[in-house]
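# Summary of structural features
Chain by chain, the residues run as shown.
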Amino acid sequence: MPLTLLKYGLRGRHASFRDIPATPDLKPSYDVVIVGGGGHGLAAAFYLSTVHGITNIAVLEKGYLAGGNTARNTTTIRSNYLTTESIRFYKEGVSLFETMSEDLGFNVMFSQRGQLTLAHSEATMRSFHLRAEMGKHMGVRTEVVDVKTVRAMCPHLNLDEGGMHEVMGGLWHADGGTARHDAVAWGYAKRAAERGVEIHQRTTVTGFRKDGDRVTHVVTDRGEIAAGQVLQAVGGLNGQVAEMAGFKLPIRCFPLQAMVTQPLKPFLDILLSSANMHTYLVQSSRGEIVIGGGSDPYQLASTRSTLDQKEHLAEGVLHLFPFLHKVKLLRQWAGITDMTPDYSPIMGASPMRNYWLDCGWGTWGFKATPVAGKRMAETIATGRVPDILLPFDMRRFDNFALLNEMGATAASH
Amino acid sequence: MKLLTCPVNGPRNIIEFQYLGPVRAANPELPDQLTEALFYVENPLGMLTEWWRHTPSNTIFIAERHTVTDQIVATYLPNRKPA
């Protein structure tokens, strides 16, 4: 490697290259059309082209590559959920992140630093015991820790002993971590494009042409294309795209707001959440404090930021770390989350035979990018929904077989 | 500060209000509309008619709001929609 690098450095002319090719012309027909060029769609394209040998794929993205919720999340990766079905699924997601940089040959900066969720009440501690036992049962590293351990893990934390938000303990999840969100999408896009997958940016889907219970054509603002199979993974617009395809999804949209401070010296080497204060924070590799957790209290499809949410998030952070009171905020942003009634995603079959769903990702989609892509690719390639995805079928709402994960996050919903 | 006009108390800070969700088309009393009423809630990109409550005065009313611009077009008490 060093010799190659030296030779490359000494060579006069360097051919320019780009990771992601420019948008080509649309072909008349594709084996698979993926609607949505975010992390999930790109991961599915990667697995279809590398594992299943299907390369005649078009990824259609309305805006720019991975510019929606893939760019707007707070990059938390974890598997400490409540139900066995969810834990099994997210555990596979975490394990794929562990080897992602090597698998893709692309540094996604995965940092498995562990996640600590704080409890400020006895009731929260009881729910943590349940989550810890469920996690252990499924082979995930999750345990309840006492205040002494919390203090040792996070010496700067304000425990507010005897106060209104006294820390009573926490849920320690050693498997938790973060990764660079853009790199995850770019890595998948680059390797998929190398296999021949076409990534069409600034291409809006405007409708579908159907024959009975099959989608035959995808209509876009750049022309109509025939499609063998269609995958829908469009984040905040999932309800609207499903309506174009002719069915309704049990989804409501809420903006989730986050913000980031100026860079500071390293003081926080874990991911920290507070379930009661609906705040979570992590120090990025640049030193910025990424603060998340503010869901708007009413339905909205606008990515504006509000002072109310900024104050709410700052309040939580200042309670945990009062010494941050003079720190400046650099940016504030929002993403549109597509929330399902049971706070679990919808994956697998749709009412159309060759139309597959990867949606309802709400506030928890980034961590599932690799596993959702891998399993949706398997679904499309084999025409059969794998067992691990069956509990997430959209028909669970008609059968009252809900998968309640409402308590498994610190976001305020 | 975003203002929401309570039909009884006038314009107030929106943090004084509780969101109660869209006015539903489906009726949960009818068995064939039950899952629709429980799970398939209205989620348009555009005008949404919805229930709100002014918490201090316990006034329950209806607001018509645009879900993309967040503009509140009208608020009124139930069954008293202005012509």
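Definitions and cut-offs
Residues numbered from 1 in each chain as written. Chains lettered and ligands numbered in written order. Predicted model: local features only at pLDDT ≥ 70, side-chain atom pairs only at ≥ 80, totals over all residues. Heavy atoms only, no water. Helix = DSSP H or I, 4+ residues; strand = E, 2+ residues; numbered from the N terminus. Rg over C-alpha atoms; globule rule 2.2 N^0.38 Å. Buried < 20%, exposed > 50% of the residue type's maximum accessible area, 1.4 Å probe, protein only. Areas by Shrake-Rupley, 256 points an atom, 1.4 Å probe, with all protein chains shown as cover. Lys, Arg positive; Asp, Glu negative; His and termini not counted. Charge placed at Lys NZ, Arg CZ, Asp CG, Glu CD. Axes fitted to C-alpha atoms, helices over the stretch in contact; angles between N-to-C directions. Parallel < 35°, antiparallel > 145°, perpendicular 65-115°, else oblique. Contact = heavy atoms within 4.5 Å. Nonpolar A, V, L, I, M, F, W, Y, C, P; charged D, E, K, R; others polar. Buried area = accessible area lost by both parts, 1.4 Å probe. Salt bridge = Lys/Arg side-chain N within 4 Å of Asp/Glu carboxyl O. Polar contact = N/O pair within 3.5 Å; in protein donor to acceptor, adjacent residues only side chain to side chain. Pairing = 2+ DSSP bridges. Patch = residues over 30% accessible without salt bridge, like charges linked within 9 Å, V, L, I, M, F, W, Y side chains within 5 Å. 1 Å grid on protein atoms, 1.4 Å probe; cavity = no way out; pocket = protein on both sides within 12 Å on 5 of 7 lines; lining within 4 Å. Points joined across faces, edges and corners; volume = space filled by probe spheres on them. Domains from an automatic or database assignment. UniProt positions renumbered as here; feature names shortened; annotations may be inferred.

### Remarks on the overall build of chain A
When its secondary structure is counted, chain A shows 11 helices and 18 strands. Its C-alpha atoms give chain A a radius of gyration of 22 Å, near enough to 22 Å, the size a compact globule of 413 residues would have. In terms of principal-axis extent, the alpha carbons of chain A reach across some 70 × 65 × 40 Å. For chain A, the proportion of its 413 residues judged to be buried stands at 57%. Of the roughly 17100 Å² of accessible surface on chain A, 54% is carried by carbon and sulfur atoms. Here chain A holds 42 positive side-chain charges and 39 negative ones, and the gap between their average locations is 6 Å.

### So, the packing of helix α4 (residues 84-98) of chain A against helix α11 (residues 369-382) of chain A
Residue and element names in this part refer to chain A. The geometry of α4 relative to α11 is characterised by a closest axis approach of 7 Å and an angle of 105 degrees between their N-to-C directions. Considering their axes alone, α4 and α11 lie roughly perpendicular with respect to each other. Every residue of α11 that contacts α4 at F89, E92, G93, L96 and F97 is listed here: P370, V371, A372, K374 and R375. Looking at the contact of α4 with α11 residue by residue, the classes come out as six nonpolar, one polar and three charged.

### Thoughts on the interface of chain A and chain B
Each partner contributes residues to the interface: chain A has 22 residues there, and chain B has 24 residues. Here chain A and chain B share an interface that buries about 1900 Å² over both sides, 57% of which is from carbon and sulfur atoms. Summed over the three residues of chain A that lose the most area to chain B, namely A:K248, A:Y298 and A:Q299, the buried surface amounts to 31% of that side. On the surface where chain A and chain B come into contact, there are two salt bridges. Across the pair A:R304 and B:D70 runs a salt bridge, and its minimum N-O distance is 3.5 Å. At the junction of chain A and chain B, the tally comes to 10 residue pairs in polar contact (both at pLDDT 80 or more).

### Overview of the sheet that holds strand β3 (residues 17-22) of chain B
All names here are of chain B. Strand order in the open sheet made by the four strands is β3-β4-β5-β6, with antiparallel pairing throughout. Because the sheet does not close on itself, it has two edges, and the strands there are β3 and β6 (72-76). Put simply, the sheet's adjacent strands are angled 30 degrees from each other on average, direction ignored.

### Quick look at the side chain of A:E405
You can see A:E405 is positioned in the segment after α11. Here A:E405 sits buried without a salt bridge, and the closest side chain of opposite charge, A:R131, lies 6.7 Å off (N-O distance).

### Quick look at a nonpolar patch on the surface
All names here are of chain A. A cluster of nonpolar side chains, contributed by L3, L6 and L10, occupies part of the molecular surface with about 370 Å² of accessible area. With respect to the helices, strands and loops of the structure, L6 is situated in helix α1 (residues 2-10). Classification of L6 as exposed rests on a relative accessible area of 52%.

### Examining the layout of surface pockets
Here the second largest pocket defines a volume of roughly 890 Å³. Elements with a contribution of two residues or more to the lining of the second largest pocket: β12 (252-261) and α10 (307-320) of chain A together with β3 and α1 (34-39) of chain B. With six residues, the top contributor of residues to the lining of the second largest pocket is α10(A). Tallied by class, the residues present in the lining of the second largest pocket amount to 18 nonpolar, nine polar and eight charged. Domain assignment of the residues forming the lining of the second largest pocket places at least three in each of domain 1 (23-110 + 176-249 + 342-412) and domain 2 (111-175 + 252-339) of chain A.

### What about the environment of A:M277?
Residues and elements named next belong to chain A. Structurally, M277 can be placed in the loop between β13 (271-274) and β14 (279-283). Measuring from C-alpha to C-alpha, the distance between M277 and H319 comes to 9.1 Å, with 42 residues separating the pair along the chain. Contacts of M277, omitting those with residues within four sequence positions, involve H120, H165, H312, G316, H319 and L320.

### Points about the pattern of salt bridges
Residue and element names in this part refer to chain A. Under the counting rule described, the total for this entry stands at 25 salt bridges over all chains. Between D387 and R384 there is a salt bridge whose closest N-O contact spans 3.2 Å. Taking the shortest distance from any N to any O, the salt bridge between R395 and D393 comes out at 2.8 Å. When its relative accessible area of 9% is taken as the criterion, D393 is described as buried.

### With respect to the UniProt feature "domain: Rhodanese" (unreviewed entry) in chain A
Cross-referencing UniProt, the feature "domain: Rhodanese" (unreviewed entry) maps to residues 32-76 of chain A in the present numbering. When the span residues 32-76 of chain A is considered, its composition is 36% helix and 20% strand, and the gap between its end C-alpha atoms is 30 Å.

### Observations regarding the sheet that holds β12(A)
Residue and element names in this part refer to chain A. Ordered in space as β5-β6-β4-β13-β14-β15-β12-β16, the eight strands form an open sheet in which the pairing is mixed. At either end of the open sheet lies a strand with only one pairing partner, and these are β5 (142-145) and β16 (329-339). The mean inter-strand angle of the sheet, taken between neighbouring strand axes irrespective of direction, is 20 degrees. Pairing between β13 and β14: three bridges, direction antiparallel. Note that in β14 the partner of S273 across the bridge is Y280. In the packing of helix α6 (residues 122-137) onto the sheet, contacts are made with β4 (115-119), β5 and β6 (169-173), and the angle to β5 comes to roughly 150 degrees.

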